[in-house]
Amino acid sequence: MVQPDFNKLLFQAKKARKKKSEGLKYARLGKMFSERGEFKKAIEYHKLYLSITKELGDQEDERIAYNNLGTAFHRLGDFKKALHYHILHLRMAKEAGNKAEEGSAYCNLGHAFYGLSDFKKAEKYHSFDLAIAKEIGSNAAEARAYGNLGNAFYCFGDFRKGIEYHHQRLAIVKELGNKAWEGEAYGDLGIGFYNLGDVEKVMKYYNCHLSISREVRDKEMEERACHNLGNAYYHLGDLPKSIEYYNLALRLATGLENKYVERELYGQLGCAFHKMGDFKKAIHYLLTGISAPEESGNKTTNRESFVSQPANLKTIQAIRFLRCLISSLKKNKQTDKQAFFYEN
């Protein structure tokens with residue numbers, strides 16, 4: 001009988017440990033670049049991590065790598081590639097019998113289909129996530145699924161059904177004592193009631209959202225809350241109040257280095273000043289928004305906003321808007337405000 005070469009086995013074990021450590025370093029680097037919004041760089045490192053997990057035959061880490069790649073491609077806005085990796089993650093999670101990971105993969109697939117505007121499939125996968133959350137008794141996963149289903153029904157235009165799901169989500173997160181999740185639930189409820197035209201409830205939930213964002217010191221949540229309040233006051237016709245909240249949101253977005261949201265807010269401030277008849281300020285904010293550098297990727301993924309934006313203008317539309325404003329300013333006369341809004 002051939003005796004095993006213990007020195008060779010020991011060398012192989014040490015090499016494997018070294019490789020495992022190398023892979024984990026790549027995973028950490030991928031996560032770090034994702035947090036900085038450098039998603040292409042993050043993907044490079046997550047692919048190196050995936051390669052090592054396959055080499056070592058480490059299926060648990062391979063699942064993590066697929067999940068990381070799916071998330072990074074989603075944040076980059078490449079939803080088809082995100083789907084590819086989340087499907088691989090789902091397949092492996094099922095094979096491993098890991099229900100929690102299976103639910104997480106369904107959730108991520110729902111988000112990817114949402115990004116592709118396939119809301120029926122998004123609702124389908126979020127429903128799978130909800131079923132698994134109930135099966136394993138995970139209140140946190142159940143709350144997550146209710147929130148995602150609420151947003152899916154908002155996309156269908158069924159705001160009452162969406163509100164039902166968000167109320168179920170709110171009840172769970174309150175029991176869990178998670179203030180940040182509670183704040184986000186209030187924000188989404190505000191969006192639902194906004195679309196139903198229930199002004200009293202809109203202001204109630206948006207203000208709860210803002211209050212909790214400040215309580216937990218979450219600047220991203222605070223920016224969303226101020227942004228939504230700005231939209232609400234705009235549509236109520238309270239333009240000074242709208243501008244106040246847009247400016248608060250802009251300061252927060254600038255501090256967070258979220259260029260995408262900055263551009264949105266400059267456009268919204270431009271529209272608000274235009275509606276007030278202050279064409280010079282309107283031109284200033286719209287020009288600033290158009291000239292602001294765009295960034296790759298999408299830092300607003302998973303902060304879905306269903307509020308009808310008053311000034312979510314594409315660049316070409318904003319240029320048309322500016323031409324009309326400049327022409328109006330030169331003629332020094334008031335022009336019909338509705339003429340400057342174009343269909344998307």
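For clarity, every value in this text was computed on a predicted model and none was experimentally measured.

Calculation criteria
Chains are numbered independently. Their residues run from 1 in the order of the written sequence. At least 70 in pLDDT is required for a residue's local features to be given in this predicted model, at least 80 for side-chain atom pairs to be given and counted, and no such filter applies to totals for whole chains, interfaces and linings, which use all residues. Processing note: side-chain calculations cover all non-hydrogen atoms of the structure and skip hydrogens and water entirely. You can read pLDDT as the predictor saying how much it trusts each residue, on a scale of 0 to 100. Whether two residues are in contact is decided by their heavy atoms, any of which lying within 4.5 Å being enough. Helix and strand assignments come from DSSP, with helices taken as H or I runs of at least 4 residues and strands as E runs of at least 2, each series counted from the N terminus. By this rule, a helix spans an expected 1.5 Å times one less than how many residues it contains. Burial status follows relative accessibility: with a 1.4 Å probe on protein chains alone, a residue under 20% of its type maximum counts as buried, one over 50% as exposed, and anything between as partly exposed. Distance and chemistry together define a polar contact, namely a pair of N or O atoms within 3.5 Å, with one atom able to donate a hydrogen and the other to accept it when in protein, and with adjacent residues in sequence counting only for side-chain atoms on both sides.

Caution is warranted with low-pLDDT regions, since their predicted coordinates should not be read in detail. Model confidence for the protein is summarised by a mean pLDDT of 86, while 80% of its residues fall at 70 or above. Counting interchain partners and residues more than four positions distant, the pLDDT-below-50 stretch residues 300-316 has 51 contacts. A low-confidence stretch, residues 333-344 (pLDDT under 50), is modelled with 24 contacts involving residues beyond four sequence positions or located in other chains.

Time to look at helix H10 (residues 199-215). Its 17 residues give H10 an end-to-end C-alpha distance of 24 Å, which sits within 8% of 24 Å, the value for a rise of 1.5 Å per residue. Taken residue by residue, H10 has Val202, Met203, Tyr205, Tyr206, His209, Leu210, Ile212 and Ser213 as its buried positions. Of the surrounding secondary structure, the elements contacted by the buried residues of H10 are helix H8 (159-176), helix H9 (179-196), helix H11 (219-236) and helix H12 (239-255). Arg217, located one to two residues past H10, shows a positive phi value of around 60 degrees.

Moving on to the side chain of Asn258. Tracing the chain through its elements places Asn258 in the loop between H12 and helix H13 (259-276). A relative accessible area of 10% means that Asn258 is categorised as buried. A polar side-chain atom of Asn258 sits 3.2 Å from the main-chain amide nitrogen of Val261.

A word on the environment of Asn178. Mapped onto the fold, Asn178 is located in the loop between H8 and H9. Taking the C-alpha atoms as reference, Asn178 lies 10.0 Å from Val216; in sequence the two are 38 residues apart. Separated by 3.2 Å, the side chain of Asn178 and the backbone nitrogen of Ala180 make a polar contact. One polar contact links the side chain of Asn178 to the main-chain amide nitrogen of Trp181, over a distance of 3.0 Å.

By the secondary structure assignment, Ala282 is in helix H14 (residues 279-291). The class for Ala282 is buried, based on a relative accessible area of 0%. Distance from Ala282 to Gly267, taken between C-alpha atoms, is 8.5 Å for residues 15 residues apart in sequence.

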